[in-house]
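Structural overview for review
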Amino acid sequence: YLEVLAANPKDETARYELALTYFAEKNWQECIQAAEAGLKFAQRLRHGLYAIAGNCYDNAGQNDKAIRAFEKGLKEAPDDAQLLYNLALSLKTAGKVDKAIKRAEDAVRAAPRYGSANLLLAALYAQRGEKVSALLSYLGFLEVEADTARSLGVARLVPGILSHGVTAEADGGT
């Protein structure tokens, strides 16, 4: 990618792939630099570059900058499910649960079959103590991902939510 960029510094595909490579290597500062450099001229891959930049900022411990990167991307693409999901994660990390729920709800609306967004929304509702909303979101996740490694753990949560607060009476009633 560096050779391609040396010959054509505005090759957005090379810039995007370079940022992804740095992300995979967990080289957060180089990732941020590559993504931010690409955002100066990119057209086709802008949303992806905002997502990469935000994720690298988050992993570098710069949560506020991550949130700003996702929000900038959403100004250009307000219904981008990946940006909405990643913003919700960053807001959760920042302890802004109500805002995180709003963005996770937006992500699920934008892409109802986005399993990770459904799962995040369920976990956020559960964190806030909204059992019914959490249950429905967990079920939404299971509808989308019925047979993945993550689905088994989620499937084990559902009976506990359903039976929470239900007690057996001495006469056999509940």
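1. Some words on the pattern of salt bridges
This structure, assessed with the given rule, holds 7 salt bridges. Across the pair D106 and R109 runs a salt bridge, and its minimum N-O distance is 2.7 Å. Taken together, the positions of D106 and R109, both in helix α7 (residues 97-110) and 3 residues apart, correspond to about one turn of that helix. The salt bridge partner of E145 is R150, with a shortest N-O separation of 2.5 Å. A network of salt bridges, in which partner residues are shared, links K102, R103, D106 and R109.

2. Regarding the state of the cysteines
Applying the stated criterion across every chain yields a total of 1 disulfide. Covalently, C31 is tied to C56 through a disulfide, its sulfur atoms 1.9 Å apart. One quick way to see it: the torsion about the S-S bond of C31 and C56 is about 70 degrees, and its sign makes the bridge right-handed. Taken together, the positions of C31 in helix α3 (residues 28-39) and C56 in helix α4 (residues 46-59) put the pair 25 residues apart, joining distant regions of the chain. Per residue, the accessibility class of C31 equals that of C56, and both read buried.

3. Some details on the side chain of S151
As for its placement among the helices and strands, S151 is situated in helix α10 (residues 149-163). Among the polar contacts made by the side chain of S151, one reaches the main-chain carbonyl oxygen of A146 at a distance of 3.3 Å. When neighbours within four sequence positions are excluded, S151 is seen to be in contact with F141, L142, E145 and A146.

4. Observations concerning the nonpolar core
Of all hydrophobic cores here, the largest spans 50 residues; its most connected members are L124 and Y138. Setting aside chain neighbours within four positions, we find L124 in contact with K92, V97, A100, I101 and A104.

5. Notes on the packing of aromatic side chains
When we look at a pair of aromatic rings, we describe it by the centre distance and by the angle of the planes. According to the stated counting rule, one finds 2 aromatic pairs in the structure shown. Here the aromatic rings of Y85 and Y114 are separated by 5.2 Å at their centres, their planes lie at 50 degrees, and the arrangement is tilted. Here Y114 lies in the loop between α7 and α8 (115-127) and Y85 lies in helix α6 (residues 81-93), a separation of 29 residues in the sequence. Residue class for Y85 comes out buried when judged on its relative accessible area of 15%.

6. What about unusual backbone geometry?
At K26, a position not held by glycine, the phi torsion is positive, near 60 degrees. Looking at the secondary structure, you find K26 in the loop between α2 (12-24) and α3.

7. What about the environment of R68?
With respect to the helices and strands, R68 occurs in helix α5 (residues 63-76). C-alpha of R68 to C-alpha of A100: the two residues are 32 residues apart in sequence and 14 Å apart in space.

So, how was this worked out
- Residues numbered from 1 in each chain as written.
- Predicted model: local features only at pLDDT ≥ 70, side-chain atom pairs only at ≥ 80, totals over all residues.
- Heavy atoms only, no water.
- Salt bridge = Lys/Arg side-chain N within 4 Å of Asp/Glu carboxyl O.
- Helix = DSSP H or I, 4+ residues; strand = E, 2+ residues; numbered from the N terminus.
- Disulfide = S-S within 2.5 Å.
- Buried < 20%, exposed > 50% of the residue type's maximum accessible area, 1.4 Å probe, protein only.
- Polar contact = N/O pair within 3.5 Å; in protein donor to acceptor, adjacent residues only side chain to side chain.
- Contact = heavy atoms within 4.5 Å.
- Core = buried A, V, L, I, M, F, W, Y, C linked by side-chain atoms within 4.5 Å.
- Phe/Tyr/Trp six-rings, centres within 6.5 Å; stacked < 30°, edge-to-face > 60°.

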